[in-house]
Amino acid sequence: QVQLVESGGGLVQTGGSLRLPCAVSGGTFSDYTMGWFRGKEREFVAAISWNGGSTLSADSVKGRVTLSRDNAKNTVYLPMNSLKPGDTDVYYCAARPGGLRTSDYNFWGQGTQVTVSS
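In this report, we go over the structure that sits alongside the text. The structure presented is a predicted model; accordingly, all values stated were derived computationally and were not measured.

About the criteria used
- Per chain, residues are indexed from 1 in the order of the written sequence.
- Confidence filtering applies because this is a predicted model: local features only for residues at pLDDT of at least 70, side-chain atom pairs given and counted only at 80 or more, and all residues used for totals across whole chains, interfaces and linings.
- For the side-chain quantities, the full set of heavy atoms in the structure was used; hydrogens and water were omitted.
- Strands here mean DSSP runs of E at least two residues long; helices mean DSSP runs of H or I at least four residues long; both are numbered from the N terminus.
- We compute the radius of gyration over the C-alpha atoms and compare it with the globule rule, which gives 2.2 Å times the number of residues raised to the power 0.38.
- Between two residues, a contact is recorded if the distance between any of their heavy atoms is within 4.5 Å.
- Reported accessibility uses the Shrake-Rupley method at a 1.4 Å probe radius. Residues are deemed covered only where the shown protein chains occlude them.
- As used throughout, the charge tally considers Lys and Arg to be positive and Asp and Glu to be negative, leaving His and the chain termini uncounted.
- Charged side chains are reduced to one point each, which is NZ for Lys, CZ for Arg, CG for Asp and CD for Glu.
- Two strands are counted as paired when DSSP detects at least two bridges linking them.
- Only C-alpha atoms enter the line fits that serve as axes; for helices the fit covers just the stretch in contact. Angles between N-to-C directions range over 0 to 180 degrees.
- Any N or O atom pair separated by 3.5 Å or less is treated as a polar contact, with the protein-specific requirement of one donor-capable and one acceptor-capable atom, and with residues adjacent in sequence counted only for side-chain atom pairs.
- Criterion for a disulfide: a pair of cysteine sulfur atoms within 2.5 Å.
- In this scheme, a residue with accessible area under 20% of its type's maximum is buried, one over 50% is exposed, and one in between is partly exposed, where area comes from a 1.4 Å probe on protein chains only.

**Observations regarding the overall build of the chain**
Part 1 of the argument: Counting its secondary structure elements, the chain contains zero helices and 11 strands.
Part 2 of the argument: Ordering the α and β elements of the chain from the N terminus gives β-β-β-β-β-β-β-β-β-β-β.
Part 3 of the argument: A compact globule built from 118 residues should have a C-alpha radius of gyration of about 13 Å, and the chain, at 13 Å, falls within 12% of that.
Part 4 of the argument: Each principal axis of the C-alpha distribution contributes one length, and for the chain these read about 40 × 25 × 25 Å.
Part 5 of the argument: Expressed as a percentage of contacts within the chain between residues at least 6 apart in sequence, the contacts between residues at least 24 apart total 57%.
Part 6 of the argument: A total of about 5900 Å² of accessible surface is found on the chain, and carbon and sulfur atoms cover 45% of it.
Part 7 of the argument: Charge-centre separation for the chain: the mean point of 11 positive side chains lies 3 Å from the mean point of 9 negative side chains.

Okay, here's the thing in structure tokens:
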């Protein structure tokens, strides 16, 4: 059973930064493409390939996120800069076996709340 646990959420002012780690257990971390999503409708935010060699990011966050992963620590990181009130949401980490995609993820974390004050 693959388990994902997000952390790092909180309250930040407009223009501030946060880094969201997601720790994965119960599987072979390097087998998975890792993604981040937000909100009830699971809007795609960003994704990173199994070896970190390729990334995708949504237009809404492009230039403000630098997704990375540490396969030795079974952890993926979503650093976000220049945060805006519109970034306020619950952020979810997800994993899928196979290639880099913006959808069709099999395993999900419980989410971490990010609130950006104006």
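**Observations concerning the sheet that holds strand β1 (residues 3–6)**
Backbone-to-backbone hydrogen bonds join strands into a sheet, with any given pair of strands oriented parallel or antiparallel.
Part 1 of the argument: The four strands lie next to each other as β1-β3-β8-β7, forming an open sheet whose pairing is antiparallel. The strands lining the two open edges of the sheet, one partner per strand, are β1 and β7 (68–70). Taken pair by pair, the neighbouring strands of this sheet meet at an average axis angle of 20°, ignoring direction.
Part 2 of the argument: Two strands pair when backbone bridges link them, and β7 and strand β8 (residues 75–80) are joined in this way by three bridges, in the antiparallel orientation. Bridge assignment links Ser68 to a residue of β8, and that residue is Tyr77.

**Examining the environment of Tyr105**
Part 1 of the argument: Here Tyr105 lies in the loop between β9 (89–97) and β10 (107–108).
Part 2 of the argument: Along the primary structure Tyr105 and Thr75 are separated by 30 residues, whereas in three dimensions their C-alpha atoms are 17 Å apart.
Part 3 of the argument: Polar side-chain contacts of Tyr105 include one of 2.7 Å to the backbone oxygen of Arg101.

**Details of the state of the cysteines**
Part 1 of the argument: Under the counting rule described, the total for this entry stands at one disulfide.
Part 2 of the argument: At a sulfur-sulfur separation of 2.1 Å, the disulfide partner of Cys22 is Cys93. Given an S-S torsion of about -85°, the disulfide between Cys22 and Cys93 has left-handed geometry. You can see Cys22 sitting in strand β3 (residues 18–25) and its partner Cys93 sitting in strand β9, a full 71 residues away along the chain.
Part 3 of the argument: Cys22 gets classed as buried once you look at its relative accessible area, which sits at 0%.

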